Amino acid sequence: MPPRRRKQVSEAPSSGPGVIQDVGAQSVEDNASSKTPMVEVSATATTTTLADGDEVKQHELPHRKHRKPLKQSRRLVFFLGAFLGIVLAWYFAASPEFSLDSLNDLNLDSFAEYFEDMKGKLPYGILKEANDISQKEQTMLKTEPFAVGRAMYLEGLRAKYPVVMVPGVISTGLESWSVTDTDECSCEQYFRKRLWGSWNMLRAMLLDKTCWLKHIMLDPITGLDPKGYKLRAAQGLEAADFFITGYWIWNKVLENLAAIAYDPNMMHTAAYDWRLSYMDLELRDGYFSKLKSIIEENQHRLKEKTVLVSHSMGSQVIFYFFKWAEADGPHFGNGGKNWVNDHIHAFVDVSGSSLGTPKSIVALLSGEMRDTVQLNALAVYGLEKFFSRSERALLLRSFPGIASMLPKGGEAVWGSLEFAIDDVDNQTVSYGNFIQFRHTMSQLSAKNLTVPDSIEYLFTQAPGWFRDRVEECYSHGIAQTRAEVQANEADPRKWINPLEVALPNAPDLRIFCLYGVGKSTERAYVYQEEKDKGLVKLNVSIAAGGMDEPVIMGEGDGTVSLITHSMCHRWRDEGSKFNPGRSKVTIVEMPHEPERFDVRGGAKTAEHVDILGRAELNELVLKVAAGKGDEIEDRFVSKLKDYAARINLGQN
């Protein structure tokens, strides 16, 4: 049965994200008198025009025009010039009858036979520098628009399966559809303007904060629009391509899919209002019904199954959709037990949050996270005056979708006060001590808390409507037996939790778990009880400014803890009760190796959002979409395979 709908109330409590600008490649205009060749690259061939007007055809390159930054070009020219000079001197010294006339017959190809011998005679430093420059050049080229897709196109990859992309939390733009002014706000000026995910959002936050909050907050009782305000998810491919101008999210993936012949007839962004509970996505917006229709229409028109590609919270949305699509009832998909197997070719889970993420607890508890705690004192003061911690916590609590990211699995997954599966050697305090108090002032700070303790503690610090909503929509436990798993199929609250319900019985379904590792990620916190609770309107907060580091870091991608990907590994267990169809699961862990001077990390980043621009990630998505997913092999970089094996999942 769907969750009970509560009565709408007219007033919601009043309560920002920073701006990260993308720094792209800069073109350097050539001097009119320069002798440096300019390289024009097309889809079929490369033509180099020399200073004397001669043209030289070169091998096909899978990228468009590219000019190197001036400083890097000079370094490369210097080392190539030095190398060529040494080769020329050695070559002519070896010829006893050298004359200037011999230059007329000089051919650069004649040096090839001497190259291997020369490598052993050049200083190591020169060779290493030249190699480093070459490697950096290749890496930079992979971040160029369409570069990965064009390279894959030349390798023979073409569009095959229709692709539906499901964005993560806060990725989808939200636009106003309010048309009537209220006593607190002039709504008409914002009609069809994005109040989340645009420069209009920043303008409204800074210059019209009260009105912006009235639009963006949901009714605390119903979890839907407050009276007089209406925000809806932007639609189309542009709904999540950029967060704000210059800060891409899905755009790199879209570009590379287009380069292997995808167009809007074969790819779709299933944007959604990430503030809502999953059931309300259907009841208010018909989201899952629309998604199911798109997939069925793909199969009818293109005669192919669909590839679903999710990011972050989108993985939970897809998992819920699988259960909804096959469930029977007036508010469900009624697709039957074979619907997923018959309609979905692959589920590509990019940086998913299937078991939740710890930082969601502290964001809902005190409106904080590492980024706000580490600001300097003046910045903290300014942020608190403009948008306080208590206001941020209240705003986030009004979003049932955020609560879906609370950690699942309890102590078995996230640890007890004595032990956690990802504790490291010589660790004095286990990660299982999720919220730690160094000083006791009252019962509020009397003991350390595990993750399940912290969720319960959050309920005591939040209004009653918050507990009611979370318990009405979600569940965070572990099904210990097959009978429990089967019984949970009839309970929509369990459908976001892969530890309580199973994957569809879909033997033909392919699952790809692609996620970043090697970037420090929030794992536990040191808290303090506030002395002046009335002033800050909070009972507890992160203990910033003390002797201890208030945010304790673990493994992950900078946002999502490594532990949340444990389910990808346990789905591979022989005879797993959570994978009845024995769907094949492929895991690719990607080490975080960012470019030093690229604000988005470059082609080898594995940061939670920026991984969508990683060259390897795009290559893998394109392979699955083009029907080459069988070529993708497992790669394990972290110890998660061992950590996941330590989770007690009860009877198999």
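Everything below is about the structure shown above.
Reading the values: rules and limits
Residues numbered from 1 in each chain as written. Predicted model: local features only at pLDDT ≥ 70, side-chain atom pairs only at ≥ 80, totals over all residues. Heavy atoms only, no water. Helix = DSSP H or I, 4+ residues; strand = E, 2+ residues; numbered from the N terminus. Buried < 20%, exposed > 50% of the residue type's maximum accessible area, 1.4 Å probe, protein only. Areas by Shrake-Rupley, 256 points an atom, 1.4 Å probe, with all protein chains shown as cover. Phe/Tyr/Trp six-rings, centres within 6.5 Å; stacked < 30°, edge-to-face > 60°. Lys NZ or Arg CZ within 6 Å of the ring centre and 35° of its normal. Pairing = 2+ DSSP bridges. Axes fitted to C-alpha atoms, helices over the stretch in contact; angles between N-to-C directions. Contact = heavy atoms within 4.5 Å. Disulfide = S-S within 2.5 Å. Patch = residues over 30% accessible without salt bridge, like charges linked within 9 Å, V, L, I, M, F, W, Y side chains within 5 Å. Salt bridge = Lys/Arg side-chain N within 4 Å of Asp/Glu carboxyl O. Core = buried A, V, L, I, M, F, W, Y, C linked by side-chain atoms within 4.5 Å.

1. Quick notes on the overall build of the chain
- A count of helical and extended segments in the chain gives 24 helices and 18 strands.
- Out of the 652 residues belonging to the chain, those deemed buried represent 52%.
- Of the roughly 29800 Å² of accessible surface on the chain, 52% is carried by carbon and sulfur atoms.

2. Some points on the packing of aromatic side chains
- Overall, the coordinates contain 21 aromatic pairs when judged by the stated rule.
- Seen from their ring centres, Y278 and Y474 are 6.0 Å apart, and the 75 degrees between their planes marks the pair as edge-to-face. Here Y474 lies in the loop between helix 19 (464-473) and helix 20 (482-488) and Y278 lies in helix 8 (residues 278-285), a separation of 196 residues in the sequence.
- The exposure class of Y278 is buried, given its relative accessible area of 1%.
- Looking at R158, its charged tip hangs above the ring of Y153, at a distance of 3.4 Å from the centre.
- It is R600 that lies over the ring of Y247; its NZ or CZ is 3.9 Å from the centre.

3. Notes on the pairing of strand 18 (residues 584-591)
- Counting buried positions along strand 18 gives six out of eight residues, so the element sits mostly inside the fold.
- With eight bridges joining them, strand 14 (residues 510-517) and strand 18 adopt parallel strand pairing. Bridged to V517 within strand 18 is P591.

4. Digging into the sheet that holds strand 12 (residues 344-350)
- Across the sheet, six strands lie side by side as 10-4-11-12-14-18; this open sheet has parallel pairing. Here the strands that pair on one side only, and so sit at the sheet edges, are strand 10 (267-269) and strand 18. With strand direction ignored, the average angle separating the axes of adjacent strands in the sheet is 15 degrees.
- As paired strands, strand 4 (residues 163-166) and strand 11 (residues 306-311) are joined by four bridges and run parallel to one another. Bridged to V166 within strand 11 is S310.
- Contacts from helix 7 (residues 251-259) reach strand 4 and strand 10, with the element oriented near 175 degrees to strand 4.
- Contacting strand 4, strand 11 and strand 12, helix 10 (residues 314-326) runs over the sheet at an angle of about 140 degrees to strand 11.

5. Re the state of the cysteines
- Tallying each qualifying case throughout the model produces two disulfides.
- There is a disulfide in this structure between C513 and C568, and the S-S distance comes to 2.1 Å. Residues C513 and C568 are joined by a disulfide whose S-S torsion is about -85 degrees; by sign, that bridge is left-handed. Placement of the pair is C513 in strand 14 and C568 in helix 22 (residues 566-570), with a sequence separation of 55 residues.
- Given the relative accessible area of 0%, C513 is considered buried.
- On the basis of relative accessibility, which here comes to 2%, the residue C568 falls in the buried class.
- Of note for the chain: the bonded cysteines, numbered N- to C-terminal, pair according to 1-2, 3-4.

6. What to know about a nonpolar patch on the surface
- Judged by side-chain polarity, W177, V179 and F191 come together as a nonpolar surface patch covering roughly 280 Å² of accessible area.
- Residue placement: F191 occurs in the loop between strand 5 (174-176) and strand 6 (194-196).
- Classification of F191 by relative accessible area gives partly exposed; the value is 34%.

7. Focus on the sheet that holds strand 6
- With antiparallel pairing, three strands are arranged side by side in an open sheet as 6-5-7. On the outer flanks of this sheet lie strand 6 and strand 7 (231-233), each paired with one strand and no other. Pairs of neighbouring strands in the sheet enclose a mean axial angle of 45 degrees, with direction left out of account.
- In the packing of helix 6 (residues 209-216) onto the sheet, the strands contacted are strand 5, strand 6 and strand 7, and the crossing angle to strand 6 comes to about 85 degrees.

8. Some remarks on the nonpolar core
- In this structure, M165, W212 and I216 are the most contacted members of the largest nonpolar core, which totals 156 residues.
- The element contributing the most residues to this core is helix 10, with eight residues.
- With near-sequence residues (within four places) excluded, W212 lies in contact with L195, W196, M201, A204, M205, F387 and L395.

9. Describing helix 8
- With six of its eight residues buried, helix 8 lies for the most part within the structure.
- All buried positions along helix 8 are accounted for by Y278, M279, D280, L281, E282 and D285.
- Structurally, helix 8 contributes buried residues whose contacts are with strand 7, helix 9 (287-302) and helix 10.
- Phi turns positive, to about 60 degrees, at G286, one or two residues after helix 8.

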